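Observations on chain architecture
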Amino acid sequence: MPDIAPRRWLYLYLVLASTVAAVTAMAGVLRGGGFSGGEIALLALFAILFAWIASSFWLTCFGAVARLTGYPLLPLNPPIEPSAARTAILMPVYNEEVGAVFARVHAIWESAGPDFDFYVLSDSTNPDSWVAEELAWQKLKTELEGVDNLFYRHRPRNVGRKSGNIQDFCENWGQLYDYMVILDADSLMTGRTLRELVGLMDANPRAGLIQAPPQLVGRHSLFARIQQFASSVYGPLHTAGLALLQGPDGNYWGHNAIIRVHAFMQHCGLPSLPGRPPFGGEIMSHDFIEAALLRRAGWDVWMAPDIGGSFEEPPPTIPDYLLRDRRWCQGNLQHLRIVFAEGLKLPSRLHLAMGIMSYASSPLWLLLLVASASFVGAAEHGPYYHSAVVTLVVAMLALLFGPKVLALAVLARDEDQVRAHGGLGALIWSIMLESLFSALMAPIAMLQLSWYIFTILMGIATGWGAQQRTDRALPLDYVARGFGVHTALGILGVILLWAFAPGSQGWFLPLLAGLILSIPLVIVTSSPMAGKLARQDRLFLVPSETRGLRVLDRAHALAHTHAAPAADVRALVLDDPQVRRLHLALLADTPPPPPADPARLAELRAQVARREIAGFTREDWRMVLSDVEGLAALS
Amino acid sequence: MNFHIRSFEPSRLAQPEISPLAPTGVPLSCPRPMRAASLAVPTPLSLFGTMLMALLAVPRGAMMASALLRMRHHRRA
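1. Digging into a nonpolar patch on the surface
Among the surface-exposed residues, Leu-424, Ile-428, Trp-429, Met-432, Leu-433 and Leu-436 of chain A lie close enough to one another that they form a single nonpolar patch of about 570 Å² accessible area. Structurally, the position occupied by Leu-424 of chain A is in helix H15 (residues 424–457).

Structure follows, in structure tokens:
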């Protein structure tokens, strides 16, 4: 493998040099009659944030160079095929839409064939989901006649969330396997990719984990389609840049990755952090930590940017996206407790620090903007003020939009890819509209993430609830409740600027426009109809839409066949002897739940016997469905 | 209710010599616990981390102090 150090030093030099140049220009803007304490603080804040966007810009430039020169991004021995290794494909689920989950399992199974064992590892706490999953599992086994490698396991308590779920698998069945492929509930992978990953692990015994970066596909709302387009057009440069710079010091994104089971079991047991959430307790964003622990133990962690065949679905609406960010934000801030942990390699610490910074940058931007606005309103300007401001703005625009232009330049070389994105004209229009959308979305996300960080620092923890993954138009009253504050703050910003810095509104207009337009922006982009209209106009097209994608099309086609068979599937356990038999058989493999209150259990049994179940709470249902003795007595 | 399960067969692994047959959803388990890794921070950095955490706790502390003051004021009134 070529020495990776020179390219890392070059990257560091470019980030620092561009930051120094920008800070010098900024100092020219600020210099009136020497620097005040406030101006020095402003300059420091600017330096941090400029370095942050410069690091992203240069990463993309590295990616572009790698793509244009065809530089090898995964310097590993070629895969050994066929493999004799035993590999488990794990799909952890938590109160997900059951039909869609099992349709994806079905589609992956069809693509991967009998070479793998499939485990649906349920942590569902919703009794409806629990029973629906059991029925869907049994139905799928029946449909795939003779299949003996599709397993289902339900945990009565979701201790440790997803990482606890995987740990439970490892502790019970890990020894049976060489590798495991971790999926998310919305993941899809092709059989070819799965077999290639296994072959790569076979051929490279130092590899502990290989991440197959997932491409966003499969949703229809305008917001989701814009994200899918961005992932398809800009993603390849980003992943190429990452692969080039991280080498064997890669990261793990929590799913769509293959892991060497014995390395994981030996080194990746996660401790509970001292103290209470949000900073203490269970580690929420476990993936970065697991990659860091594998690296600490000497295992290589790779990313395979060109392997293909790895997909996931984006959140369908802006509120869903922000809700997911709330959890990720808390998980990443928790890494403040871990970033200095003993023995971690420097690149692993950088992964953790960059994860923290991707959220901490929001309140810092907010602070910088407020401080800049006050400066514009109050300060006397130096002689080079206007030229320095123009230089800075041009530099910032180059950093923000340069990667998009580079991505277009790289993509435009491949006619086939251009056609798959709707043709050159449609591609350029889509990039321009995506840039406009990003500019409007950025201040909304900045404000929302700043609020999240404030609440987290206040000690308000969030759960790790099920994600909303279905396309749906959002009603006005719901959006107005969520984004009324953003709109009001945008209007307030205009008034304050008009009152105190009347000449400066133009500079802040793009930011304030995003906030003022947040409600219509959320409504329009959540709409599947708007997504469909954009598709008719050939906007935001991606290869999975123009050429089709077999595994995705199969998952969509199969979704309705795996949907729950009744509105209230819980009652089927009481009413249908075969469903009850299946449920009892699966319970026999499940660790017993915590002991129930005997008096309450007796009361529930009596109510079940009389079928007075209408008023059952979720906890009541959990007790009834876990009551082996009571259910057996119904037979 | 018209829904019926057509069959219910025990599942099994492809390599029965490795994993004995299980009666239902999963292969019989071969338990082996995972040991929790240490994420301890070296002492000087731990001190830095403690200071950082204390700094991060300032807004929370300020809010609690303000709530306490308000409560006392309310009681006096």
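Anyway, onward from the coordinates.
2. Some words on the sheet that holds strand E1 (residues 87–93) of chain A
Residues and elements named next belong to chain A. Ordered by their spatial adjacency, seven strands build an open sheet running E3-E2-E1-E4-E8-E6-E9, and the pairing between neighbours is mixed. Looking at which strands have only one partner, the edges of the open sheet turn out to be strand E3 (150–154) and strand E9 (300–303). Strand-to-strand twist across the sheet, computed as the mean angle between neighbouring axes with direction ignored, equals 20 degrees. Note that E1 and strand E2 (residues 117–122) share six bridges and pair parallel. Its bridge partner being in E2, Val-93 is matched across the sheet by Ser-122. Here helix H6 (residues 191–203) sits on the sheet in contact with E1, strand E4 (179–182), strand E6 (207–211) and strand E8 (257–260), set at roughly 155 degrees to E6.

3. Digging into the packing of helix H7 (residues 222–233) of chain A against H15 of chain A
Residues and elements named next belong to chain A. One way to put it is that H7 packs onto H15 with a least axis distance of 10 Å and a crossing angle of 115 degrees. In the packing of H7 onto H15, the handedness of the crossing is left-handed. Listed contacts from H15 to Phe-223, Ile-226, Phe-229, Ala-230 and Val-233 of H7 are Leu-427, Ser-430, Ile-431, Glu-434, Phe-437 and Met-441. Tallied by class, residues from the contact of H7 with H15 come to nine nonpolar, one polar and one charged.

4. Some thoughts on H6 of chain A
Residue and element names in this part refer to chain A. Across its 13 residues, H6 extends 18 Å between first and last C-alpha, which sits within 8% of the 18 Å expected from 1.5 Å per residue. What H6 keeps buried is the set Gly-191, Thr-193, Leu-194, Leu-197, Val-198, Gly-199, Leu-200, Met-201 and Ala-203. Close packing links the buried residues of H6 with E1, helix H3 (98–112), E4, strand E5 (188–189), E6 and E8.

5. Side note on the pattern of salt bridges
Residues and elements named next belong to chain A. Using the criterion set out here, one finds 29 salt bridges over all chains in the structure. Measuring nitrogen to oxygen at the nearest pair gives 3.6 Å for the salt bridge that ties Asp-184 to Lys-162. Within this pair, whereas Asp-184 is found in the loop between E4 and E5, its partner Lys-162 is found in helix H5 (residues 161–173), the two being separated by 22 residues in sequence. For the residue pair Asp-184 and Lys-162, the accessibility class agrees, reading buried in each case. Between Arg-622 and Glu-619 there is a salt bridge, and its shortest N-O distance comes to 3.2 Å. Placement of both Arg-622 and Glu-619 in helix H25 (residues 618–626) is noted, with a separation of three residues, approximately one turn of the helix.

Rules used in this analysis
- Residues numbered from 1 in each chain as written.
- Chains lettered and ligands numbered in written order.
- Predicted model: local features only at pLDDT ≥ 70, side-chain atom pairs only at ≥ 80, totals over all residues.
- Heavy atoms only, no water.
- Patch = residues over 30% accessible without salt bridge, like charges linked within 9 Å, V, L, I, M, F, W, Y side chains within 5 Å.
- Areas by Shrake-Rupley, 256 points an atom, 1.4 Å probe, with all protein chains shown as cover.
- Salt bridge = Lys/Arg side-chain N within 4 Å of Asp/Glu carboxyl O.
- Helix = DSSP H or I, 4+ residues; strand = E, 2+ residues; numbered from the N terminus.
- Pairing = 2+ DSSP bridges.
- Axes fitted to C-alpha atoms, helices over the stretch in contact; angles between N-to-C directions.
- Contact = heavy atoms within 4.5 Å.
- Left-handed = near helix turned anticlockwise from the far one by under 90°.
- Nonpolar A, V, L, I, M, F, W, Y, C, P; charged D, E, K, R; others polar.
- Expected span 1.5 Å × (residues − 1).
- Buried < 20%, exposed > 50% of the residue type's maximum accessible area, 1.4 Å probe, protein only.

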